[in-house]
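Architecture and fold: a report
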Amino acid sequence: MLPTTADLMPVVVAVPVAMACLLAVLGRALPRRAVDALTLLTMLGVTVATVVLLRDTGTGRTYTWLGGWTPHGNVGVGIAFVADPLSAGLAVMIGVLATCALLFAWHYLDAVGGHFHALMLFFAAGMEGFVFSADLFDMVVFFELMGASAYALTGFHVEDETAVEGGLNFGLVNSLGAYLSLAGVALLYGRVGQLGLPQLGEALGHHRPDALVVASFVLVMTGFMVKGALVPLHFWLADAHAVAPAPVCVLFSGVMVELGLYGVARVYFTVYGETLPHDDIRRAFLVLGVVTAVVGAAMCLGQRHLKRLLAFSTIAHMGLFTVGFALLSSDGIGGTAVWVVGHAGVKSALFLLAGLLLERYGTVDELELHGKARDQRLGAALFFLAAIGLAGLPPFGTALGKSIAEDATLTSGYHWGPALFVVVSALTGGAVLRFGARAYLGLGDAPHPEELAEATPGDEEPEGSVSGRTPLTMLSAIVVLLLAGLAAGLVPDIGRAAAHAAERLIDGPGYAAQLLSGVRPPAPEPEPAAVWTSTGVVLSLLSTGLALLVAAAGLWLRRLRWLHVLTPVMHRLHRLHTGHIGDYVAWLFVGMAALAALVGLPLM
Amino acid sequence: MSIYAYLVAGYLILIGSYGIVRSRHLVHAVVSLSVAQAGTYVLLLAVGYQRAASAPVFGSTTKPNTGVVDPVVQAMTLTDIVVSATVTALLLALAVQINKRHGTVDPDDLAALRG
């Protein structure tokens, strides 16, 4: 049998794993540059392969049953890898982000012995496997593979006291989430005797859900929601992002967290889409999404440690993405997909700029950096560009995705949708702008000495040893990411392509029919092109303008006495983020109980 | 399979999680995580159990068409154990490093990441 495009899927998982093993063994013997080059070439190869896969998949699906274990009827023990436009697009994103992170790491990090590179490759392979897998147990295994490499990467600076603590918190909470998912998989297997997503969907079918089906749904989703950092399962994220090396944060914020939501969406539509009513799921995830967005934005404003600030902005955006998913419509999910791409570009660029600041000044604390980075002209320009991109200035992909998703909320009858999107984008963008204005421009009230003396969370060691001019590899990684964020808003027809991708994701019965019986899906209906609308542009400009106001208010907060009424609320919110692993696990169960109540109670 | 095994599985998952919540020692917390995971092993094996069936190894003593327990859950359990070994080793290594840097492994005394 001739190899087809579908055979690329196992290859993009296997090749990085093989290379990672090779580097783990030979890393010490090879010179640093050889390790760098091999890793970078591997990820470039993966990126090219996934681009080919995306192109050949078009608006349909390509799939392969690994080892030729095709199912007979609805029964089979084989495992399928499936690419539809959404999973192939995510696979490309993983490749591009990993390549840029490695390019940045070329002159960054005193990585010895190839461990860092091997871990990055394992991490990327785990994520690629997760997006392609059409088998529930396999998804959990890939989830753990990317998890284990992520914990190790978080605690990479073992000499840094906060890094090891952040890594441990991340590892414990995420592993517990994964084990709960596994318990859910076991329950489902006990009911159906199958593990493949299409077989599970067929078997559950239109039956009225009973307690066991709901319990398995809640358990499986809990693991994915931990990864997707939905409040109150989000605590690990800020700790992990604050301490992980900057290139690792690119993969964390850019795509790993979003994969949690992808897991929720994929499993819901293929397995539970016919049995759990859409209204029920919509309500549950709208509530979780709104809470996540509001808490994330409020916490983001209160941070002075840049990486922690960006981490909370990621949580706030995950809330908005969850709202977009919860609409369960092709517009809502398509808009979210564009937004995720735009967000990955600008947020990753911001994390890399944070890495540059950390390396040069040994701190990313807003007050300590006050006015210190004035000489960084280029850095400042890139930082402000990315920050207003995050706030949603057209033509960044963030703005296009936001405006499509806003339209979708209105179509679904949620008139508060655009307001939420605008306010949360403005608050998080404003917080980042405020940091930039203080660090790069020296604006704002000078810090009190006692404020400076306050120990900040995550006082870090510089991560590299570059002085003088910023190396070209670092700058090019940042510029490429920013351009990707821009391209997401400028590529013609990207909105329509995303809507078609979302249609394929939603079509659970079509997924099962194609994998089990080879039924080709009908060509997508030519929808009205999801493009820039005048309302969308106006709302995007509004969120950018509000972000500037938020930034100004933050800079001169001491003069705005009336804003201080919010201080007790903020203090209370901050006190919940204790950095205590026991509290995090307790909150995990609160979140799981909330999901169970939101999904289960209406079905009683 | 009697309901007893399922009760044990649920109990292990919950008591392990409770152990992490109330933990005063990080090694204890990591081992509690393993206890919670042991619950998933019990659950998986209980799901595949058949009364009066033999191990899923066909050969001279076990002819095809005789009843065997489900081999898929056993494969899943094995995979799960491998994952657990990796994660537990990694987390214990981090706990050792925390002890070196902070001089304590009591989560109540670790406050580097507050706020």
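All of the points below concern the structure found in this document. (Residues numbered from 1 in each chain as written. Chains lettered and ligands numbered in written order. Predicted model: local features only at pLDDT ≥ 70, side-chain atom pairs only at ≥ 80, totals over all residues.)

1. Looking at the overall build of chain A
Definition in use: Put simply, DSSP H or I for four residues or longer makes a helix, DSSP E for two residues or longer makes a strand, and each gets a number counted from the N terminus. Note that the radius of gyration is over C-alpha atoms, with the globule rule given as 2.2 Å times the number of residues to the power 0.38. A residue is called partly exposed when the number of other C-beta atoms within 10 Å of its own lies between 12 and 20, exposed at 12 or fewer, and buried at 20 or more, with C-beta atoms placed from the backbone. Note on contacts: each residue gets a C-beta atom placed from the backbone, and two residues are in contact if those atoms are within 7 Å.
A tally of regular secondary structure across chain A gives 23 helices and two strands. Scaling as 2.2 N^0.38, a compact globule of 604 residues should have a C-alpha radius of gyration of about 25 Å, and chain A matches this with 23 Å. In terms of overall dimensions, chain A has a C-alpha envelope of 70 × 60 × 50 Å along the principal axes. Expressed as a percentage of its 604 residues, the buried residues of chain A come to 64%. In chain A, the proportion of contacts linking residues at least 24 apart, taken out of those at least 6 apart, comes to 84%.

2. Brief notes about the overall build of chain B
Scanning chain B for helices and strands turns up three helices and zero strands. Starting at the N terminus, the α and β elements of chain B follow one another as α-α-α. Since a compact globule built from 115 residues should have a radius of gyration of about 13 Å, the 19 Å found for chain B marks it as more spread out than a globular shape. By principal-axis analysis of the C-alpha atoms, chain B measures approximately 60 × 25 × 20 Å. For chain B, with 115 residues in total, the buried portion stands at 33%. Restricting the contact set of chain B to residue pairs at least 6 apart, pairs at least 24 apart contribute 54%.

3. With respect to the environment of Ser34 of chain B
Here Ser34 of chain B shows up in helix α2 (residues 26-48). Sequence separation between Ser34 of chain B and Thr77 of chain B is 43 residues; the distance between their C-alpha atoms is 13 Å.

4. Thoughts on the interface of chain B and chain A
Many authors give the size of an interface as the accessible area that is lost as the parts come together. The test is simple: Any residue outside Ala, Val, Leu, Ile, Met, Phe, Trp, Tyr, Cys, Pro, Asp, Glu, Lys and Arg is labelled polar, Gly included; the first ten of those are nonpolar and the last four are charged.
Taken together, the contact between chain B and chain A spans 38 residues of the former and 40 residues of the latter. Top contributing element to the side of chain B that touches chain A by residue count: helix α3 (residues 71-102) of chain B, with 16 residues. Partitioned by chemical class, the residues of the side of chain B that touches chain A number 25 nonpolar, nine polar and four charged.

5. Quick notes on the pairing of strand β2 (residues 80-83) of chain A
Residues and elements named next belong to chain A. Let me state the cut-off plainly: If DSSP finds at least two bridges between two strands, the strands pair.
Of the two faces of β2, the one lined by Ala80 and Val82 and the one lined by Phe81 and Ala83 are each fully buried. Relative to β2, strand β1 (residues 62-65) runs antiparallel, the two sharing four bridges. The partner of Thr62 across the bridge, within β2, is Ala83.

6. Details of helix α18 (residues 472-490) of chain A
Residues and elements named next belong to chain A. So the rule is basically this: Here the expected length of a helix is defined as 1.5 Å per residue gap, with one fewer gap than residues. Here the arc refers to the set of directions running from the helix axis out to each C-beta atom.
The terminal C-alpha atoms of α18, which comprises 19 residues, lie 26 Å apart, in line with the 27 Å expected from a rise of 1.5 Å per residue. Considered for burial, the residues of α18 that qualify are Met474, Ala477, Ile478, Leu481, Leu482, Ala484, Gly485, Ala488 and Gly489. Across the axial projection of α18, the buried residues extend over an arc of 145°, all falling on one side. Where α18 is buried, its residues meet α3 (85-105), α13 (330-361), α14 (377-391), α15 (397-411) and α19 (494-506).

7. Observations regarding the environment of Leu576 of chain A
All names here are of chain A. Among the structural elements, Leu576 can be located in helix α22 (residues 567-576). Judged by local crowding, Leu576 falls into the partly exposed class, with 13 C-beta atoms found within 10 Å. Remark: the alpha-carbon pair of Leu576 and Val491, spanning 85 residues in sequence, is separated by 42 Å.

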